[in-house]
There are 2 protein chains.
Amino acid sequence: MPGTSPDFAARLRAAGLRPTRQRVALARVLFEGGHRHVTAESLHGEVRATRIPVSLATVYNALNQFRDAGLLREVVVAPGKSYFDTNTGHHHHFFVETDGELHDFPSDKVTIAGLPAPPKGTRLSRVDVIVRVRR
Amino acid sequence: MPGTSPDFAARLRAAGLRPTRQRVALARVLFEGGHRHVTAESLHGEVRATRIPVSLATVYNALNQFRDAGLLREVVVAPGKSYFDTNTGHHHHFFVETDGELHDFPSDKVTIAGLPAPPKGTRLSRVDVIVRVRR
DNA sequence: TGCACCACTTAGAATTATTCTAAACTACTT
DNA sequence: AAGTAGTTTAGAATAATTCTAAGTGGTGCA
């Protein structure tokens, strides 16, 4: 399929980020293939396997920048651990408490009714539903 | 109202926890008055004001024990910060992202429909709804 | 094409939240 | 009153993340 391979540099530029070697390497790991959940540590491990040198600090920087640019979504499920989700569309999460696994599920079948109005002076940012399960 | 003043020692004993001076002091701060949200730091500050010596390590221990005993519920909203909620009944949360505030709202008006079945081999633990808002 | 500028990356130190360790203490049982 | 197991404690240790200051490298412009 010529021409269909995603141009990560262009995608980063479109998000207002300079396409450096390490950001492109990180984007490739994150966005080629299907949706993923990563932590800074796990992503650092993966990108190091590509032989492009990327420090852990850069992984943290990039994850925060990607999130701010809307390329990733941050999900906080347990104290001291946050995941970044490459799926930025509407969806919710299963969290398997017993082994720290996170799974997406689509939100199109899910309806939430009866939510109260946001406290005055605030506007809605997003509604997170986390279904906690255990083995 | 004679006889209605809550006996914190008895309450701790009922939860299987020895009612030590510091646990009783913490329970008093937490459970007298209405529902509260605290962090380890904020609770430590409050209990120190009662002039009963309680170390921060003990605050962490007690919060974890109270949670395990079902006296508190832990809510994780932001990376590196978790709140303990004295309201253990069914309810959900507003989280004001811009200033880190957490507010309860009752779940009796809220209905969630269309949730998928838990992944096989797991059973439901709890469904958290966090409505994120910003100023 | 070469160069300069400023954004970016980096190693390591710093920070923050939380847990651990080992010794001292104390509530409960006998 | 004394024994003993459960608790508390200060301080060290750990873990996740951010900061700092110096070096590197895209980018736009000559």
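A brief look at the structure comes next. Computed from a predicted structure; not experimentally measured. (Residues numbered from 1 in each chain as written. Chains lettered and ligands numbered in written order. Predicted model: local features only at pLDDT ≥ 70, side-chain atom pairs only at ≥ 80, totals over all residues. Heavy atoms only, no water.)

## Here's the deal with the packing of helix H3 (residues 40–48) of chain B against helix H4 (residues 56–68) of chain B
All names here are of chain B. The cut-off we apply is this: Between the N-to-C directions of two axes lies an angle of 0 to 180 degrees, each axis being a line fitted to C-alpha atoms and, for a helix, fitted only over the stretch in contact. Helix and strand assignments come from DSSP, with helices taken as H or I runs of at least 4 residues and strands as E runs of at least 2, each series counted from the N terminus. Crossings are sorted by hand: turned counterclockwise from the far helix by less than a right angle, the near helix makes the crossing left-handed, and turned clockwise it makes it right-handed. We call two residues in contact whenever any of their non-hydrogen atoms come within 4.5 Å of each other.
Where H3 contacts H4, the two axes come as close as 9 Å, and the packing angle between them is 120°. The handedness of the crossing between H3 and H4 is right-handed. Contacts from Ala40, Glu41, Leu43 and His44 of H3 reach H4 at Leu56, Val59, Tyr60 and Leu63.

## Topic: the interface of chain A and chain B
The figure often quoted for interface size is the accessible area lost as the parts come together. Condition: Computed with a 1.4 Å rolling probe, the buried area is the accessible surface lost when two parts are put together, summed over both parts. By salt bridge we mean one thing: a side-chain nitrogen of Lys or Arg within 4 Å of a carboxyl oxygen of Asp or Glu. In protein, a polar contact means a hydrogen-donor-capable atom and an acceptor-capable atom, both N or O and within 3.5 Å, with residues adjacent in sequence counting only if both atoms are side-chain atoms; elsewhere, any N or O pair within 3.5 Å suffices. Polar here means any residue outside two lists: the nonpolar Ala, Val, Leu, Ile, Met, Phe, Trp, Tyr, Cys and Pro, and the charged Asp, Glu, Lys and Arg; Gly therefore counts as polar. By definition, two strands form a pair when at least two bridges between them are found by DSSP.
At the interface, 38 residues of chain A touch 38 residues of chain B. Summed over both partners, the interface of chain A with chain B buries about 3,100 Å², with 62% contributed by carbon and sulfur atoms. Area buried by chain A at its contact with chain B is led by Val76, Arg132 and Arg134 of chain A, which between them contribute 17% of it. Where chain A touches chain B, the interface holds two salt bridges. Residue Asp128 of chain B is joined to Arg132 of chain A by a salt bridge in which the shortest nitrogen-to-oxygen separation is 2.9 Å. One can count 14 residue pairs in polar contact (both at pLDDT 80 or more) joining chain A with chain B. Broken down by secondary-structure element, the contributors of at least two residues to the side of chain A that touches chain B are strand S2 (73–78), strand S4 (91–96), strand S6 (111–113) and strand S7 (123–134) of chain A. Counting residues per element, the side of chain A that touches chain B draws most heavily on S7 of chain A, at twelve residues. Residues belonging to the side of chain A that touches chain B are distributed by class as follows: 21 nonpolar, seven polar and ten charged. For S6 of chain A and strand S6 (residues 111–113) of chain B, the ladder comprises three bridges, and the chain directions are antiparallel. In the sheet register, Ala113 of chain A faces S6 of chain B, and the bridge partner there is Thr111 of chain B.

## A word on the relation of the copies chain A and chain B
For the record, the criterion: Copies overlap after least-squares fitting; the atoms used are the C-alpha atoms of residues with pLDDT of at least 70 in both.
Placing chain A over chain B gives an RMSD of 0.1 Å and needs a rotation angle of 179°, together with 0.0 Å of translation along the axis. Classification of the inter-copy transformation places it as that of a two-fold axis. Comparing interface residues between copies, 100% of those in chain A also lie at the interface in chain B; the contact surface is shared.

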